[in-house]
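Notes for the structure review
The lines below spell out each chain.
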Amino acid sequence: MTTALIFLNGYYDTRHLNFYQQEIGFALKEGYPLICADDGIRIFDELNQKEGETLIPDILIGDLDSIEERTTEAKRTVEKWIGQTDKDYTDGQLAVKYALDTYNSQHIILYGGLPRPERYETDHFLGNLKLMRFGHYHAKSKHFDYEAEMRDPRQTIHYVLSELRFIRKNNGLQRVSLIADEPNVAVENSQNLRWDLTSLHIHPDITNALRNEFVEGAESAEIQLTENSAPVYVIHNWYD
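Predicted model, so just to flag it, every value in this text is computed and none were measured. (Residues numbered from 1 in each chain as written. Predicted model: local features only at pLDDT ≥ 70, side-chain atom pairs only at ≥ 80, totals over all residues. Heavy atoms only, no water.)

In terms of burial, strand 5 (residues 107-111) is a largely internal element, five of the five residues being buried. On strand 5, burial covers both faces: His107, Ile109 and Tyr111 on one face and Ile108 and Leu110 on the other are all buried. Bridge count between strand 5 and strand 6 (residues 147-152): four bridges; the pairing is parallel. Each residue of the ladder has a partner; that of Ile109, found in strand 6, is Glu149. (Buried < 20%, exposed > 50% of the residue type's maximum accessible area, 1.4 Å probe, protein only. Helix = DSSP H or I, 4+ residues; strand = E, 2+ residues; numbered from the N terminus. Pairing = 2+ DSSP bridges.)

This part covers the packing of helix 1 (residues 17-30) against helix 2 (residues 42-50). Between helix 1 and helix 2, the shortest axis-to-axis distance is 10 Å and the interhelical angle comes to 105°. Viewed along their axes, helix 1 and helix 2 adopt a mutual orientation that is roughly perpendicular. Along the contact surface, helix 1 presents Leu17, Tyr20, Gln21 and Ile24, while helix 2 presents Ile43, Phe44, Glu46, Leu47 and Lys50. Residue composition of the contact of helix 1 with helix 2, by class: six nonpolar, one polar and two charged. (Axes fitted to C-alpha atoms, helices over the stretch in contact; angles between N-to-C directions. Parallel < 35°, antiparallel > 145°, perpendicular 65-115°, else oblique. Contact = heavy atoms within 4.5 Å. Nonpolar A, V, L, I, M, F, W, Y, C, P; charged D, E, K, R; others polar.)

Another aspect to go through is the nonpolar core. Counting 29 residues, the largest nonpolar core has Ile6, Ile35, Ile108, Leu110, Met132, Tyr146 and Ile157 as the members making the most contacts within it. Considering each element in turn, this core owes the most residues, six residues, to helix 4 (residues 91-103). Once you skip the residues sitting within four places of it in the chain, Ile35 turns out to touch Leu5, Ile6, Phe7, Ile59, Ile61, Ala95, Tyr98, Ala99 and Tyr103. Within the second largest apolar cluster, 19 residues are counted, among which are Val160, Leu178, Leu193 and Ile202. (Core = buried A, V, L, I, M, F, W, Y, C linked by side-chain atoms within 4.5 Å.)

Okay, the packing of aromatic side chains next. All chains considered together, the criterion is met by 10 aromatic pairs. With a centroid separation of 6.3 Å and 55° between ring planes, the pair formed by Phe19 and Tyr111 is classed as tilted. With Phe19 in helix 1 and Tyr111 in strand 5, the pair connects residues that are 92 residues apart, well separated along the chain. Grouping residues by exposure puts Phe19 and Tyr111 together as buried. For the pair Phe26 and Tyr32, a centre-to-centre distance of 6.2 Å together with 65° between the ring planes defines the contact as edge-to-face. Site record: aromatic cluster; members linked through ring pairs are Phe7, Tyr12, Phe19, Tyr20, Phe44 and Tyr111. Above the face of the Trp238 ring, Lys169 is positioned so that its terminal group lies 5.5 Å from the ring centre. (Phe/Tyr/Trp six-rings, centres within 6.5 Å; stacked < 30°, edge-to-face > 60°. Lys NZ or Arg CZ within 6 Å of the ring centre and 35° of its normal.)

So, in structure tokens, the structure goes:
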């Protein structure tokens, strides 16, 4: 399955630069494309300046209206800049669409999707969350399989179409929440969750699947949706 990493113009937890360093390093080893949407390029600057790296994204997409005035090494040396100033899509949508159209990426991993607390960017976060759904419906038109997730140092948000197996990240609390944005989400069964989700219907207006947890001692948990279920967001976060 072809994977693409997309770096959005949102929150990066720079207390955990090693997380981003490892994610980018693994992608480079595997030959996965690194795509930045506008000022998502700043995480490369953070790593290059503080960690002494020379990490450069493959593609920079957007009109660059959010990039800080300082000229960055990553911006100067990026392999390709795709600038669009008069557009019907957001920079994030352009990045997802580019990954699907250019690389036929079946697996999209988003970074920097959370809101920056000091800027009250809740609207950006909700829009970024929908990028996973946007990619799904664009991939359907291309008739290939699709997976998407939004990764942060202590949380991953999965866009689940059929089933998901997720792994314990550390010895602390592993919290799991399911959120629907379509009315016909139905769980076939679940394993290793404190509150069993088998046969549960999840409605967008009813928060009846929040704050579940791994069973104590379980190294993984699983969720399977019914055959005709709509997709669901599964939020997995963990604590030390």
